[in-house]
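Chain residues, written in single-letter form:
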Amino acid sequence: MTVDWDIIIIGAGFAGLTAGQYAARANLNVVIIEELAAGGQAVLIDNLENYPGMDQPVNGYELSQRMENQAAKFGVKFETATVKSVIKEGNIFKVQTADKTFTSYAVIVASGAKHKKLGAPGEEKYSGRGVSYCATCDGPFFKDRKMLVVGGGDAACDEAMFLAKLSDKVVMVHRRERFRAQKTLAKRVLQNPNIEVRFNTEVKEIKGDDVVKSVVLMNNKDNTTTEEEMNAVFIFIGSSPNTHFLKDIKLDETGYIVTTDKMESNVIGLYAAGDVRATPFRQLTVACGEGAVAAHCASQYIDCLRGDEYI
């Protein structure tokens, strides 16, 4: 059976774009299917300053555009669509969108994950202007300033500890009476002199002008509210991997795709890279590396199918 593509990549974030250019440079016929814009969540980053090789901060949207253009230059094709399902029949994958079926020998899932939102007024308005979902990315912009961390799990505690290295004015709020994070991690946060922890506290509104200036907090024990000056709000209440279109794929307990070190899932020929994959560290540079590995291993897999593997 002939196929439309050698490799179909689902998602045009940094993992997908990197996988695309590596696969295309290996002389494979590649398409990337993306429902929104290339770059994924990176397009929301105003000043990206920790990307290797960039000695000056770069705008996330502009870098995403350059990566998209680079992939296209190597021969990657792009389709704008929402993937509904991925089915393997024999050695062929069928990727279904709303109005079209794509076929390929291999699939790389790089569909990313969406940060869970508070839903508080002002959250969307100030996203990228004081509201952040990545302390490593944006924390250094608020050195020595007052920062609010929202959440009570491992990620929230980890990020609060990171921010506490940058400022002695970190406030952490959690809507429950205690953290759900690992006990040792929670203990470190509670003992950190740079972090003020407030339990039974929720964010009701984020206010500002061009940037965040204050937050409205509510004590959910007595429903009293206070408005407090704040320069940044870091939200870590979990994330949801975009895996709803997959079946028969092994996921971890939080819904992320489990792979080998070759980025291969339990379905032979289906690979995962970037934020959709179970990984201990989610960064753009990590996503790029995983995308390159996924493309390389998918290429080797296709060579095997064709009997062209190097021995």
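Rules used throughout
- Residues numbered from 1 in each chain as written.
- Predicted model: local features only at pLDDT ≥ 70, side-chain atom pairs only at ≥ 80, totals over all residues.
- Heavy atoms only, no water.
- Pairing = 2+ DSSP bridges.
- Helix = DSSP H or I, 4+ residues; strand = E, 2+ residues; numbered from the N terminus.
- Contact = heavy atoms within 4.5 Å.
- Axes fitted to C-alpha atoms, helices over the stretch in contact; angles between N-to-C directions.
- Left-handed = near helix turned anticlockwise from the far one by under 90°.
- Parallel < 35°, antiparallel > 145°, perpendicular 65-115°, else oblique.
- Nonpolar A, V, L, I, M, F, W, Y, C, P; charged D, E, K, R; others polar.

## Notes on the sheet that holds strand β10 (residues 170-174)
The strand order across the open sheet built from 5 strands is β8-β15-β9-β10-β11, with neighbouring strands paired in parallel fashion. The open sheet is flanked by β8 (131-132) and β11 (195-199), the only strands paired with a single partner. The pairing of β10 with β11 spans 5 bridges and is parallel. By the bridge assignment, Val 171 is partnered in β11 with Glu 196. Of the strands in this sheet, β9 (147-150), β10, β11 and β15 (232-235) touch helix α4 (residues 154-163), which is tilted by about 165 degrees from β9.

## Section: unusual backbone geometry
Among all residues except glycine, the phi angle is most often negative; among peptide bonds, the trans geometry is most common. Although it is not a glycine, Asn 200 sits at a positive phi angle of roughly 55 degrees. Checked against the element boundaries, Asn 200 lands in the loop between β11 and β12 (201-208). We note that Met 263 has phi near 70 degrees; this positive angle belongs to a residue other than glycine. One can find Met 263 in the loop between β16 (239-241) and β17 (270-272).

## Topic: the packing of α4 against helix α5 (residues 183-191)
Between α4 and α5, whose axes approach to 10 Å, the crossing angle comes to 35 degrees. α5 is crossed by α4, and the crossing has left-handed handedness. On α5, the residues that touch Asp 154, Cys 157, Asp 158 and Met 161 of α4 are Leu 185, Ala 186, Arg 188 and Val 189.

## Considering the packing of helix α1 (residues 14-25) against helix α2 (residues 60-73)
Look at α1 against α2: their axes get within 9 Å of each other, and the N-to-C directions meet at 25 degrees. Taken together, α1 and α2 sit at an angle that is classed as roughly parallel. Crossing of α1 over α2 shows left-handed handedness. Counted together, Phe 14, Leu 17, Thr 18 and Gln 21 of α1 and Leu 63, Ser 64, Met 67, Glu 68, Gln 70 and Ala 71 of α2 form the full contact between these two elements. Split by residue class, the contact of α1 with α2 holds 5 nonpolar, 4 polar and 1 charged.

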